[in-house]
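# Per-entry structural report
The chain contents come next:
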Amino acid sequence: MIDNKNFENMNIDKSLFAFAHEGENLHDTKFDTKPVSSLRDAMRRFTKNKGSVVAACIILILLLFALITPLFAESAYTDSYSVGTDVTYLQYGYYLPKTKGFEGTGFWDGTKKEEINQATYRKYMAMEQETGRPVITKELGTVEIDDIINKGTLHVVRIDTYAQKGMLNVTLTQSQYDALLKWQLENDIQVIYPQVDRTKPTDPNDKRPVCLSKDLNIWYACDIKGVPVYGPGKTLVPAYLKNNTHPEYYYNSKRIAGDDGTYSYAQVTGSGAKSNFVVRVDSYNYFLYKYGEEPCFAFGTSSEGYDILTRLANGARFSFLLAVLVSLINLTIGAIYGAIEGYYGGVVDMTMERIVDILGGIPFMVVTVLFQLHLAQKVGVVGALIYAFVLTGWIGMASRVRMQFYRFKSQEYVLAARTLGASDKRIIWRHIFPNSLGTIITGTVLVIPGVIFSETSLAYLGIINLGSSSMSSIGSMLSAGQQYLKDFPHIILFPALFIALLMLSFNLFGNGLRDAFNPQLRGSEG
Amino acid sequence: MLKYILKRLALALFVFVVIMTICFVLIKMLPSLPPEQFGKDAQVIQLRREQLGYNKPIMEQYFIFWGQALKGNWGISESLYPMSDVWDTFVEKLPYTVAINIYSMLISVPIGLALGIFAALKKNKWQDQLISTGVMVFVSVPSFVYALLIQYVLCFKLQWFNHTIMDYTQGAFAPSTFVDMLPAVLSLSFGTIAGLTRYTRAELTEVLTNDFMLLARTKGLTKAQATVRHAMRNAMVPIFPMILGEFISIMSGSLIIEGIFGIAGVGKLYIGAVNAIPPDYNFFMLLSAFYTLIGLVAGVVIDLSYGFIDPRIRMGSRK
C-alpha cells in the first residue's frame, strides 16, 4: 500500500516531465477535404436539382420585373390616374398590346383580326381619310355570311385598335384651349378637328351637307344610319360646321387640308372668363399632346384605361410584399408555438393542439370576411387582410416545428445537454431549433405562394377590394378583366400568366429546397 | 379504434360549436338594418327577427339561434334575395354544387388512379417524368387560371359549350345541365387528378419496393397480377380515405369555379351574400356553418386515414 500522505506532499520538479510522443509522427487519418457545413451541403444538393435552379431564376426575374418596371414604364399617363385626379384615361381603354418595332407584323402591334360589315368598313376608310391614320392595316379578303344577324359580305381585316378609337369630345377651359392651339402650331400636328354639322335643316331649300349620325367619327354628309350622301364622283362630302358666330369663339392655329378659313373648330359654352371650349380631338394625337408621347402599351390597357404593364408590376410588388411580411410574422409565431408544444408535450401539447384545432377549423374565407366586416373600417382593407392571414396562417408552421421537436428531443445530444445542466430555453433554441432550421426555411418559402394564391383568390372573388386607381393586385385585375374575356382576352392574359408562372416556380423552388435540406424526405410527395 | 373515432368526432363537434359561437358573437356585434328600410315587408322582417329573439339579451338569443337552427330555421334573407327563407334557398342551390363535385370526382378518380399507377410502374422512365411534370404544373397553377383558359377556348373560341347554365328549370342532374356544367367540371377536375396522381404514385412506389412484392413474383405471379393483387390492395388503404376526404373538401373548392362559370350553387351564394350591401348575415351564418362542417368532416376522414397508414404514429406522448 502506498501512503497517500506522501504523494500529497511530494514535490516533483517540472523539468522531469516530458511529452510522451514528442517528435514522433502520429499516423492519424488526415482529411484531404474541407469540412462542409450543413448549409453548404444543402446548397450543393440544391444546385444539382436543375428544375429548382431554373425556378429560382424565374422567381428572380419576376421579382425584378415587379421592382424595375415602374422605373421605365411609369409615365405622365400612368401618373394621371395613380396620382392625379384627371379622368381622361378612361377614354383609352381596350388597347391591345403593342411594342415599337413590330408594326405591320400582325403580332404585338396593337392590331386584331375582325370581320366587319360594309357600313363599318366604310366608316373606317373615312376615318383614315380624315386623319390620315389607317384603321384597317391589312385586308385579308371577304366572307359571305347569311344568318339572322348579318347578311351579305363581311370584310376580313386587321384593325389597329389604337386608331379605331378615332375622335373624342373634350371640354377645355380657355387656358387649356390656348395651350393646345399653341402646341398645334409649334409641333405642326393636328389635334383639333372641325365640328360637324349635325342639325337637321328645317327649310327644304337648305341644301347644305349635313351629318345626321351621332357618331363622332363620322364627318361626312350622311343619313341617321351613317349611309353617306355622295357628292360628284362618289366622293364623301365634308359636313363641317362653318362660320361660328359665337362672340367668344376664336381659332388661330393649324387648320385641316381643304379648310377655306371658315370651318368652326370649337363649340363654346358659358361666357367671358368662364367659357368652356368643347372640341373634337383625335384621340391619338390628343394623347401625344397631353402625355408627351404616342400611345404604346406593351401589355395593352384594361377596360378602364389602366396600363396593364405597370398595374401588373404594382400588383405583383404588393403581392410579394404582403406574402413576405405575412410569412415572416407567421414564421415567428409558428416557430415559437411549435417549439413550446413539441418540447413540453403532454398536457401543454394537448391544450395547445386543441387551440390549433379550433383556429384551424375556421375556413379561411370565413375568417377574412369577419375581419373585413369588423376591422376594414379601422385598419383598412390591407390591414384587415394581414390580420386574417396571421390569425390562422402560422398553424402550418407550428405543426411542422412541432414534428421536428418530437423527432429531435429524445436524441442523445439533447440528453447530453440536459445532463450538463442546460436550461429548457437553451436546449430549445441552441440545440433543437438549429436542427429544424431546414424545415422552417422550406416552410417559409412554401408559405409565400400560398399567401399570394389566397390573396389573389379573395380579390378575384371580390371578398376583399384591392383595386383602385392608385392600387392594384393580380386578383383584382383578373376579376376586373373577366367580363371582357370574350372580346378582350389580353386584359386577363398577362395577370393570369404571371400568377401561373409564379406559383409553378415557387412550388418547384420549394420542393428543391425541401429535398436539399431533408434528403430523406425526397420523393415522398412525388 | 372505435374509441379513437368517437373521440375524434366529439372533438370535431366541439370545434364546430366553438367556431359557430365565435361567428355568432362577431356577427351580432354588427349593426343590423332597421326594419323600416324594408318598406312593406317591414312587418315580416320584424316578425322573423322576433322569432329569432333579436331584442333579447345575447345569451338568450344564442340559445334561440341553436334551437331554431337545428329545426332548419336560419332566418330570412335581408339583402341578397330579400324575404326568401335562407335554408330553403340553400337547399335549392345545393344540388348544383353537389352535382359539379360528383361529376368532377367521377372524372378525376379513374384518371388520377390510372395515371398514378402508370407513373409508379414506369418509375423514372420518360413516361413517369412526363406525368410528374404535368402533375407539378396542375398542382401549382391556380385552378382559376385554367378555368379562364377553358372558358375562353371551349366556350368563346370554339363555342362547343354555353359559358354558363342556360336553363335552371331542368334541375341539377338533367343531361342538358350536365353539358352546360362540363367546362366547370373539367376545370375542377384538373387539380384533383393531379393531386390524386401524385398521391397514388408516391404510395404505390413505396409498396412496390416491399419484400412481399418480390415474394409474389418469386412464386410465379406475373407483374400485372402482383401489382393488382398485392401492391394495389396495400396502396389503396391510404388512397381510399384520401379520395373520400378530397371529395368532401372540394365542395368548398368549387367556390371560385362556380363564380367563373356563373353556376348558381352554394359557392356563388356565399360570394353573393358577402358582397351584398349590407352583407347578408343570415346567409353568411348558414354558409359559414356549411363550410366549417365540410372542413371538419374532411379533416376527420383524412386524420383517420393517417391511422391506417402508419399505426406507429402516436402523437401527444411526453418525451
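Because the structure is predicted, anything quoted here is derived from the model rather than measured.

Our focus in this paragraph is the overall build of chain B. When you go through chain B residue by residue, the secondary structure sums to eleven helices and zero strands. For chain B, the α and β elements follow one another from N to C terminus as α-α-α-α-α-α-α-α-α-α-α. Overall, the C-alpha framework of chain B stretches about 80 × 60 × 30 Å when taken along its three principal axes. A burial count over chain B gives 49% of its 319 residues as buried. Once local pairs closer than 6 in sequence are excluded, the contacts in chain B between residues at least 24 apart make up 73%.

Here we come to empty space enclosed by the protein. To find leftover empty space, a probe the size of one water molecule is rolled over the atoms. All names here are of chain B. Counted according to the given criterion, the structure contains two cavities of 30 Å³ or more. Taken as a whole, the largest cavity spans an internal volume of roughly 150 Å³. Every residue along the wall of the largest cavity is listed here: Phe24, Ile27, Lys28, Leu52, Tyr54, Gln61, Phe65, Asn73, Trp74, Tyr281, Asn282 and Met285. Going through the elements one at a time, helix H1 (2-28), helix H3 (58-70) and helix H11 (281-309) are the ones with two or more residues in the lining of the largest cavity. When its residues are assigned to classes, the lining of the largest cavity shows eight nonpolar, three polar and one charged. Roughly 80 Å³ of internal volume is contained in the second largest cavity.

A volume near 1200 Å³ is recorded for the second largest pocket. Lys486, Asp487 and Pro489 of chain A together with Tyr152 and Lys157 of chain B are, among the 38 residues lining the second largest pocket, the residues nearest its centre. Mapped onto the lining of the second largest pocket, the elements with two or more residues apiece are strand E1 (111-116), strand E3 (151-160) and helix H16 (490-517) of chain A together with helix H5 (126-140) and helix H6 (143-157) of chain B. Looking at which element gives the most residues to the lining of the second largest pocket, the answer is H16 of chain A, with eight residues. Its residues assigned to classes, the lining of the second largest pocket comprises 24 nonpolar, five polar and nine charged.

On to the side chain of Gln184 of chain A. All names here are of chain A. Looking at the element boundaries, Gln184 is found in helix H7 (residues 174-187). Judged by its relative accessible area of 0%, Gln184 falls in the buried class. At 3.2 Å, the side chain of Gln184 forms a polar contact with the backbone nitrogen of Ile192. Other than its neighbours up to four places away in sequence, Gln184 contacts Ile189, Gln190, Val191, Ile192, Tyr251, Ser253 and Lys254.

On to the sheet that holds E3 of chain A. Residues and elements named next belong to chain A. Here we have three strands laid out as an open sheet, ordered E1-E3-E2, and antiparallel in their pairing. Looking at which strands have only one partner, the edges of the open sheet turn out to be E1 and strand E2 (136-146). Taking the axes of each pair of neighbouring strands and ignoring which way they run, one obtains an average angle of 15 degrees across the sheet. Across nine bridges, the pairing between E2 and E3 is antiparallel. Paired with Ile136 across the two strands is Ile159, which belongs to E3.

Partitioning chain A into domains gives domain 1 (111-164), domain 2 (166-291) and domain 3 (308-521). Here the C-alpha centroids of domain 2 of chain A and domain 3 of chain A sit 59 Å apart.

All names here are of chain A. Enumeration over the complete set of coordinates arrives at 57 aromatic pairs over all chains. Between Phe46 and Phe509, the aromatic rings sit 5.6 Å apart at their centres with planes inclined by 90 degrees, giving edge-to-face as the arrangement. One end of the pair, Phe46, is in helix H2 (residues 38-48); the other, Phe509, is in helix H16, with 463 residues separating them in the sequence. Ring pairs connect the aromatic residues Tyr77, Tyr81, Tyr89, Tyr92, Tyr95, Tyr162, Phe287, Tyr291, Phe297 and Tyr306, which therefore count as one cluster.

Now for the environment of Gln267 of chain A. All names here are of chain A. Residue placement: Gln267 occurs in strand E6 (residues 266-269). Overall, the relative accessible area of 44% leaves Gln267 in the partly exposed class. With 22 residues separating them in the primary sequence, Gln267 and Thr245 have C-alpha atoms 10 Å apart. Not counting chain neighbours up to four residues away, the residues in contact with Gln267 comprise Gln195, Asn276, Phe277 and Val278.

Here the focus is the nonpolar core. Membership of the largest hydrophobic core comes to 132 residues, with the highest contact counts inside it found for Phe498 of chain A together with Met181 and Tyr270 of chain B. The element that contributes the greatest number of residues to this core is H11 of chain B, accounting for 15 residues. Leave out the neighbours within four places in its chain, and Phe498 of chain A touches Leu62, Phe65, Leu312, Ala316, Phe320 and Ile474 of chain A. Counting residues in hydrophobic clusters, the runner-up holds 44 residues, among them Val196, Tyr265, Ala266 and Val281 of chain A.

Turning to helix H10 (residues 266-275) of chain B, a few remarks are in order. Extensive coverage of H10 of chain B is indicated by the burial of seven of its ten residues. Along H10 of chain B, the positions that sit buried rather than exposed are Val266, Gly267, Leu269, Tyr270, Ile271, Ala273 and Val274 of chain B.

Our focus in this paragraph is the pattern of salt bridges. All names here are of chain A. Under the counting rule described, the total for this entry stands at 16 salt bridges over all chains. The shortest N-O distance in the salt bridge between Asp41 and Arg44 comes to 3.1 Å. Pair noted here: Asp41 and Arg44 are both in helix H2, with a separation of three residues, about one helical turn. Note on Asp41: relative accessible area 22%, which makes it partly exposed. Taking relative accessible area as the criterion, Arg44 reaches 48% and is therefore assigned partly exposed. Between Arg208 and Asp197 there is a salt bridge, and its shortest N-O distance comes to 2.2 Å. Taken as a pair, Arg208 in the loop between strand E5 (192-193) and E6 and Asp197 in the loop between E5 and E6 lie far apart in primary sequence, eleven residues in all. One network of salt bridges, in which partners are shared, links Asp41, Arg44 and Arg45.

Let us now look at the pairing of E3 of chain A. Residue and element names in this part refer to chain A. By the criterion of burial, E3 is predominantly enclosed, with seven of the ten residues buried. One ladder, built from six bridges, connects E1 with E3; its direction is antiparallel. Residue pairing for E3: Ile116 is matched across the bridge by His155.

In this section: the interface of chain A and chain B. Taken residue by residue, the interface counts 45 residues in chain A and 43 residues in chain B. Both faces considered, chain A and chain B share a buried interface measuring about 3900 Å² in area, 77% of it formed by carbon and sulfur atoms. Among the residues of chain A in contact with chain B, Ile358, His374 and Leu461 of chain A are the three that bury the most area, contributing 14% of the side total. The tally of links from chain A across to chain B stands at zero salt bridges. Seen at the junction of chain A and chain B, the total is four residue pairs in polar contact (both at pLDDT 80 or more). For the side of chain A that touches chain B, the secondary-structure elements that each account for two or more residues are helix H9 (308-344), helix H10 (346-361), helix H11 (364-408), helix H14 (437-461) and H16 of chain A. Its residues assigned to classes, the side of chain A that touches chain B shows 26 nonpolar, eleven polar and eight charged.

Each value, and the rule that gives it
Throughout this description, residue numbers start from 1 for each chain and increase along the sequence as written. To label them, take the chains in the order written and letter them from A, then take the ligands in the order written and number them from 1. In view of the model being predicted, local features appear only for residues whose pLDDT reaches at least 70, and side-chain atom pairs are presented and counted only at 80 or more, with totals across whole chains, interfaces and linings using the full set of residues. To obtain the side-chain values, all non-hydrogen atoms of the structure were included, while hydrogens and water were left out. In this description a helix means any DSSP run of H or I spanning at least four residues, a strand means any run of E spanning at least two, and both kinds are numbered starting from the N terminus. Remark: exposure states derive from per-residue accessible area (1.4 Å probe, protein chains only) relative to the maximum for the residue type, with buried under 20%, exposed over 50%, and partly exposed in between. The contact criterion used is simple: two residues touch if any of their non-hydrogen atoms lie within 4.5 Å. Grid points spaced at 1 Å and placed over the protein atoms alone form the basis of the search, with a cavity being a set where a 1.4 Å probe fits but cannot get out and a pocket an open set showing protein on both sides within 12 Å along at least five of seven lines. Lining residues have an atom within 4 Å of a point. Grid points are joined across faces, edges and corners, and a volume is the space filled by probe spheres set on the points. As a working rule, the residues Ala, Val, Leu, Ile, Met, Phe, Trp, Tyr, Cys and Pro are called nonpolar, Asp, Glu, Lys and Arg charged, and the rest polar, with Gly in that last group. Whenever two N or O atoms come within 3.5 Å, that pair is a polar contact, provided that in protein one can donate a hydrogen and the other can accept it, and provided that, for residues adjacent in sequence, both atoms are side-chain atoms. Pairing between two strands is assigned when DSSP locates at least 2 bridges connecting them. For every element, the axis is a line fit to its C-alpha atoms; helices are fit only across the contacting stretch, and the angle between N-to-C directions ranges from 0 to 180 degrees. For the domains described, the bounds stem from an automatic or database domain assignment. The rule is short: rings of Phe, Tyr and Trp, with Trp giving its six-membered ring, pair when the centres are within 6.5 Å, and they are stacked under 30 degrees, edge-to-face over 60, tilted in between. Buried Ala, Val, Leu, Ile, Met, Phe, Trp, Tyr and Cys residues that are joined via side-chain atoms within 4.5 Å together make up what is termed a nonpolar core. A pairing counts as a salt bridge when a side-chain nitrogen of Lys or Arg comes within 4 Å of a carboxyl oxygen of Asp or Glu. Once two parts are joined, some of their accessible surface, as seen by a 1.4 Å probe, is lost; buried area is that loss totalled over both.

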